[in-house]
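Descriptive structure summary
One-letter residues, chain by chain:
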2 protein chains.
Amino acid sequence: MSAPVRAALVAVGDELLSGAIADANSAWIARALGRVGLAVESVEVASDDEPTVAAAVVRALERAELVTVTGGLGPTLDDVTRHGIARALALELVEDEGAVAELAAWFAQRGVVMSDTNRRQALFPRGATILRNRAGTAPGFRVERAGRAVLALPGPPRELTVVWNDEVEPWLRARGWGREPIPERRFYLFGIPESRFAERVGPWMAREAEPRMGCTVRDGVLTATLRAGGRDAAAIATLEGRAAEFRARFAAEIYSESEWELERALGEALIASATKVTLAESCTGGLAAALLTGVPGISAVLAQAFVTYADAAKETALAVPRELLARHGAVSREVVEAMALGAARATGARLALAVTGIAGPSGGTPEKPVGLVWFASAFDGEVVSLERRFPPSDRELVRRWAARTALFLGWKRLADAGLARPRRSD
Amino acid sequence: MSAPVRAALVAVGDELLSGAIADANSAWIARALGRVGLAVESVEVASDDEPTVAAAVVRALERAELVTVTGGLGPTLDDVTRHGIARALALELVEDEGAVAELAAWFAQRGVVMSDTNRRQALFPRGATILRNRAGTAPGFRVERAGRAVLALPGPPRELTVVWNDEVEPWLRARGWGREPIPERRFYLFGIPESRFAERVGPWMAREAEPRMGCTVRDGVLTATLRAGGRDAAAIATLEGRAAEFRARFAAEIYSESEWELERALGEALIASATKVTLAESCTGGLAAALLTGVPGISAVLAQAFVTYADAAKETALAVPRELLARHGAVSREVVEAMALGAARATGARLALAVTGIAGPSGGTPEKPVGLVWFASAFDGEVVSLERRFPPSDRELVRRWAARTALFLGWKRLADAGLARPRRSD
């Protein structure tokens, strides 16, 4: 077996170095490479400066056989990626007539006149292969030399995806650089802090353990990865044994083995079981509904949801009795249960999820501090509620965490009723 | 004036190289450094491997006076940042008794027993200064040597923020590394494609222009930055002159000069003008409401919002006449206008924003393709509507774009009524 092909990623853009936007493209490319078994050796961010881009490309070529350079291919004069790559490889830039014609056609199709600045997008290092871009005006390109390759890819995420799928992935496989990934198992858990998790896995997470375990936490979701020691049958059997132990130990927390998105796990279980659902949100203000309606096909089971911020809205839209609000306050077990039951009644949904809390920054009291959130799930008319106190950090964090907690409670109700189970990746 | 201090950022984590999560911390640190005038020279991502972290730190120290290493300080055995930095600087790791005591107190306060793995978090390179972490269990640390400094910072974004504000920023200023940033003006525009923008700015975006202009696009928002040629009065006057020209040329598109978040521009204008608002969303499923309710204090003007996915929900919640739905379909000018007017009537809000469209992936027809979205804004009972056809790409992109378009329409109505104007950064 030949040595594994290494990849080095370069992301270009002053906006990445200034922090105006985060580099999400490199993560996307890393996942795409991982799927065909290529490991990313390094990621480097370079400014919109021709010599800097050139130097980053030279460094990347020292580390890896495959170099991707993302961004800086647009029509504006601060887009210097094509110049930087040409300089790194000591190639001149030449205008490609075919690319000019394609650009002209793209604009004509949309009834827009092509500008002179757009013509820059038809410049390529001599000898480059053009990577067509069906989603935009900036084609990418590929230059191969001495067994190594540099790919220039557009920065807008949608265009990157299209060019990758059309032009890069097929070429990687044809080139023989795509191979089988190291087998791994991934688990997505909700509602367990990292230090508690570390205690419960104990030596499974030691550096020398086989399979090797890693974990990350984001928005209350803990992702645990088990990676086999190799591709052989013994390593795979060891991996599967540990995966089975892991499943048993964390049965109450795992919601998926195939995807991070809790809303997908819930949404797909709802659709598969034809369970009608609704939501009644106060402090999350539509965030849980926005997450759940991101799942394709959800309209089959979700007809309506409620954002009831004010007490009066809870009364009129959800029929929460005024005296409950007056006696217990909007952030209370009594009110959140009435919200869930009211939403279920108003829509005829079998499952209703309700959230009410204090997202901050103001509005907290000693008894009801910022970060206090009440949740309820009504399923077949039976209501379950619980209280969570999130660290009083920023408003968005409390809201995101609360929205996911509501979705997890919905998932648990479905799982307890036998209508949901963690989906496996194979 | 001494030469500017350079910073090099290292982000540690297999999850960043595999693409499981994107590196948002580096963008955050870059912004924090930019505020005190430090420029980021490079960003590099390193795996959870001691020699790799050590090599990245060595490279970073060759490029910059200030090196930050983020992530990999947690309690689990795959957290190797402290070991990597110690190796890079040839220092041994020693347990700090004060840190052990603080850790123990942190756990005691939460009624939890400290685990042995948590004790790893009290290991530091000999001679390091500990950076206290009020938000979590992993303290950071700082090692200074020969005029250069390496900072180890926790990876969880909230902890990073707290440690930065408590321990890093004051030290930077005291150290004399924080200086005045190069003056710049930033503009946030909605609804203008990048190539059209490039045409309308023409030579303002040339590489040799002063002030230097850059632009980036995300979620339909175009951010244009004008950076002065220096810190002197003449350079600042040139900057302000160009900024005034820019303002006049793009008066219809600029919604802010201080923040990217369109929802904040709208939300703060609503709050300042005490304009009650509501939303009626179909294809965006609560996304516009979720964005707007992220603005602190919005509860003063937003009592209720509607997620009406199904036709029946549009009838019952918004009183959209059944015959309109039957005759024109849910994605039509007639229905979106009825949604906005119905939402305003149901809540008594002065401004109501409505969205209905086909987010995909299915549900499109030749006349009404995926990506077709209708918008309406009702203000003082007067309704304005418009149609947009987004590129039929992925569902999330259409939804995000549509939610922001709805918010921009609301902003325009307020601006036209003299109730909103782009906020300046000074």
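These remarks concern the structure in this document. (Residues numbered from 1 in each chain as written. Chains lettered and ligands numbered in written order. Predicted model: local features only at pLDDT ≥ 70, side-chain atom pairs only at ≥ 80, totals over all residues.)

1. Here we look at the environment of Glu 167 of chain B
All names here are of chain B. Within the secondary structure, Glu 167 sits in helix α7 (residues 157-175). Looking at Glu 167, the number of C-beta atoms within 10 Å reads 22, which means it is buried. In this view, Glu 167 contacts Leu 131 and Arg 132; residues no more than four positions away in its chain are not counted. (Helix = DSSP H or I, 4+ residues; strand = E, 2+ residues; numbered from the N terminus. Buried ≥ 20, exposed ≤ 12 C-beta atoms within 10 Å, placed from the backbone. Contact = placed C-beta atoms within 7 Å.)

2. Observations regarding the sheet that holds strand β8 (residues 148-153) of chain B
Taken in spatial order, the 12 strands make up an open sheet running β6(A)-β7(A)-β8(A)-β3(A)-β1(A)-β2(A)-β2(B)-β1(B)-β3(B)-β8(B)-β7(B)-β6(B), and their pairing is mixed. Each edge of the open sheet is held by one strand with a lone partner, namely β6 (129-131) of chain A together with β6 (129-131) of chain B. With direction set aside, neighbouring strand axes in the sheet form an average angle of 20 degrees. Judged from the 3 bridges that link them, β6 of chain A and strand β7 (residues 140-145) of chain A form a sheet pairing that is antiparallel. Bridging across to β7 of chain A, Thr 129 of chain A finds its partner in Arg 142 of chain A. On the sheet, helix α4 (residues 81-88) of chain B packs against β1 (6-12), β3 (66-70), β7 (140-145) and β8 of chain B and is oriented at approximately 165 degrees with respect to β8 of chain B. (Pairing = 2+ DSSP bridges. Axes fitted to C-alpha atoms, helices over the stretch in contact; angles between N-to-C directions.)

3. Points about the sheet that holds strand β11 (residues 221-227) of chain B
Residues and elements named next belong to chain B. As summarised here, the arrangement of the 4 strands in space is β10-β11-β9-β12, forming an open sheet in which the pairing is antiparallel. Of all strands in the sheet, those with a lone pairing partner are β10 (212-218) and β12 (254-256), marking the two edges. Strand after strand, the sheet turns through a mean of 30 degrees between neighbouring axes, direction not considered. Sheet analysis places strand β9 (residues 184-190) next to β12, joined by 2 bridges and oriented antiparallel. Looking across to β12, one finds that Leu 189 is bridged to Ile 254. Sheet strands in contact with helix α9 (residues 233-249) are β9, β11 and β12, and its direction is about 155 degrees off that of β11.

4. Concerning the interface of chain B and chain A
Chain B puts 71 residues into the contact, and the matching count from chain A is 71 residues. The biggest single contributor to the side of chain B that touches chain A is helix α2 (residues 24-35) of chain B, with 6 residues. In terms of residue class, the side of chain B that touches chain A is made up of 34 nonpolar, 22 polar and 15 charged. The sheet contact formed by strand β14 (residues 304-308) of chain A and strand β14 (residues 304-308) of chain B spans 5 bridges and is antiparallel. Counted as the bridge partner of Val 307 of chain A is Ala 305 of chain B from β14 of chain B. (Nonpolar A, V, L, I, M, F, W, Y, C, P; charged D, E, K, R; others polar.)

5. Here's the deal with the relation of the copies chain B and chain A
Mapping chain B onto chain A is achieved by rotating through 180 degrees and translating by 0.0 Å along the same axis, at an RMSD of 0.1 Å. Expressed as a symmetry operation, the mapping of one chain copy onto the other fits a two-fold axis. Most of the interface of chain B is mirrored in chain A: 99% of its interface residues are interface residues there too. (Least-squares fit on C-alpha atoms with pLDDT ≥ 70 in both.)

6. Observations regarding unusual backbone geometry
The linkage connecting Glu 210 of chain A with the following residue, Pro 211 of chain A, adopts the cis geometry, with an omega of -5 degrees. Following the sequence through the fold, Pro 211 of chain A ends up in the loop between α8 (194-201) and β10 (212-218). One non-glycine residue, Ala 274 of chain B, lies in positive phi territory at about 50 degrees. By secondary structure assignment, the location of Ala 274 of chain B is in the loop between α10 (262-272) and β13 (277-281).

7. Observations regarding the packing of helix α3 (residues 50-63) of chain A against helix α4 (residues 81-88) of chain A
Residues and elements named next belong to chain A. In the contact formed by α3 and α4, the axes pass within 8 Å of each other and the chain directions differ by 55 degrees. With respect to each other, α3 and α4 are oriented oblique. Crossing handedness for the pair α3 and α4: right-handed. Here Glu 50, Val 53, Ala 54, Val 57 and Val 58 of α3 come into contact with α4, specifically with Thr 81, His 83, Gly 84, Ile 85, Arg 87 and Ala 88. Here the contact of α3 with α4 is composed, by residue class, of 6 nonpolar, 3 polar and 2 charged. (Parallel < 35°, antiparallel > 145°, perpendicular 65-115°, else oblique. Left-handed = near helix turned anticlockwise from the far one by under 90°.)

8. Some remarks on helix α15 (residues 395-416) of chain A
Residues and elements named next belong to chain A. Between the first and last C-alpha of α15 there are 31 Å, a value that for 22 residues agrees with the 32 Å anticipated at 1.5 Å per step. With 18 of 22 residues buried, α15 lies mostly within the body of the structure. Phi turns positive one or two residues past the end of α15, at Gly 418, with a value near 75 degrees. (Expected span 1.5 Å × (residues − 1).)

9. Some words on the packing of α10 of chain B against helix α15 (residues 395-416) of chain B
All names here are of chain B. Where α10 meets α15, the axes come as close as 9 Å, and the angle between the chain directions of the two elements is 35 degrees. α15 is crossed by α10, and the crossing has left-handed handedness. Facing α10, whose interface residues are Leu 262, Glu 263, Ala 265, Leu 266 and Ala 269, α15 presents Arg 404, Leu 407, Phe 408, Gly 410, Trp 411 and Leu 414. Class assignment for the residues of the contact of α10 with α15 results in 8 nonpolar, 1 polar and 2 charged.

So far we have only geometry, and geometry alone does not tell us how the molecule works.
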